[in-house]
Amino acid sequence: MSDKLLYQQDGHVVTITFNMPETRNALTDGDLCAAIVEAMQRIGDDASVRCAILTGAGKAFSSGGNLKHMQEKSSIFAGDAIDAKDRYRNGIQRVARAIWECEVPLIAAVNGPAYGAGCDTTCMCDIRIASTRATFAENFVRVGLISGDGGAWLLPRQIGLSRAAEMTFTAEPVDAATALDWGLVSRVVAPEELMDTAHDLAGRIARNPPRQLRMAKRLMREGLNTRLDSVLQLAAAYQGASHQTEDHAEAIASLLDKREAHFTGR
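As the structure is a computational prediction, the values presented were derived from the model and not from experiment.

Analysis parameters
- Residues numbered from 1 in each chain as written.
- Predicted model: local features only at pLDDT ≥ 70, side-chain atom pairs only at ≥ 80, totals over all residues.
- Heavy atoms only, no water.
- Pairing = 2+ DSSP bridges.
- Helix = DSSP H or I, 4+ residues; strand = E, 2+ residues; numbered from the N terminus.
- Contact = heavy atoms within 4.5 Å.
- Axes fitted to C-alpha atoms, helices over the stretch in contact; angles between N-to-C directions.
- Expected span 1.5 Å × (residues − 1).
- Polar contact = N/O pair within 3.5 Å; in protein donor to acceptor, adjacent residues only side chain to side chain.
- Phe/Tyr/Trp six-rings, centres within 6.5 Å; stacked < 30°, edge-to-face > 60°.
- Lys NZ or Arg CZ within 6 Å of the ring centre and 35° of its normal.

Notes on the sheet that holds strand β5 (residues 113-115)
Thought 1: A sheet is described by the order of its strands in space; here three strands give the open sequence β5-β7-β8, paired in mixed fashion. Strands at the two margins of the open sheet, each flanked by one partner only, are β5 and β8 (174-175).
Thought 2: With three bridges joining them, β5 and strand β7 (residues 135-137) adopt parallel strand pairing. Each bridged residue has a counterpart across the sheet, and for tyrosine 115 the counterpart in β7 is alanine 137.
Thought 3: Against the sheet, helix α5 (residues 117-124) contacts β5 and β7, and its axis sits at roughly 95° relative to β5.

Right under this line is the structure:
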């Protein structure tokens, strides 16, 4: 895996860090995009992972697109319109699909500015925690572009159509307090508390049975786009399977015995 992305596992929790502070973790770097996709696949394939945290090195979570790449017509911006379409499909859009489809719960620990694709990346996660230094901007029109990574689908689902339209059409950033008020993040903490808060939350998630965590997330994802009767049918199948697991039996026994549960993923 590229050193542009750091992958660290502590128990059942993985921390993924965008590690290109010199570009404010711009997501138009091909190596970084490939590493993110690889990391999401690794998480999905590893049954020991129950929760993951995404954050950025340096002062920014991610600046989105690299302005120098845009000016130079390099990286994903190189070539003609067809070339650019293919590079988007094989670059940042692969990242969007990989993060959105990741089976384990994802927490975005937003340490600083999350602009453009960086803002959209936070929306691909399940939970967002912001430092007081964080800002969010859907600022594509400011640079004469539109969201190429699914932001038009993602952002309204997080904050509603009216506020998503305001962010998209003005391209102006919102601070952490506004993001909290709008429901874009679930809490705002001091910068020095951000990672401890994220790890504490991840630990509270990871103490639950791993297969059921993944099924619960899939049900929530399906619920965004599927009729209630379809979700109920899938939930019945998942529930039937869950009733047969050792972890379900352990959960019930631990509650009745008033002791801590120990889950194995079986």
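Having seen the model, we can carry on.
Let's talk about helix α1 (residues 30-45)
Since the α-helix advances by 3.6 residues per turn, residues separated by three or four positions end up pointing in the same direction.
Thought 1: Its 16 residues give α1 an end-to-end C-alpha distance of 23 Å, which sits within 8% of 22 Å, the value for a rise of 1.5 Å per residue.
Thought 2: Contacts from the buried residues of α1 go to β1 (5-10), β2 (13-18), β3 (51-56), α4 (92-100), β4 (106-110) and α10 (210-223).
Thought 3: If you check the start of α1, you find a side-chain oxygen 3.0 Å away from the backbone N of aspartate 31, and it comes from aspartate 29.

Observations concerning the packing of aromatic side chains
Thought 1: Here the structure, examined in full by the defined rule, presents two aromatic pairs.
Thought 2: Measuring from ring centre to ring centre gives 5.2 Å for tryptophan 100 and tryptophan 153, while their planes differ by 85°; the resulting arrangement is edge-to-face. A residue pair is termed long-range when its members are at least 10 positions apart, and tryptophan 100 in helix α4 and tryptophan 153 in helix α6 (residues 151-159) qualify at 53 residues.
Thought 3: Positioned over the ring face of tyrosine 7 is arginine 42, at 3.7 Å from the centre of the ring.

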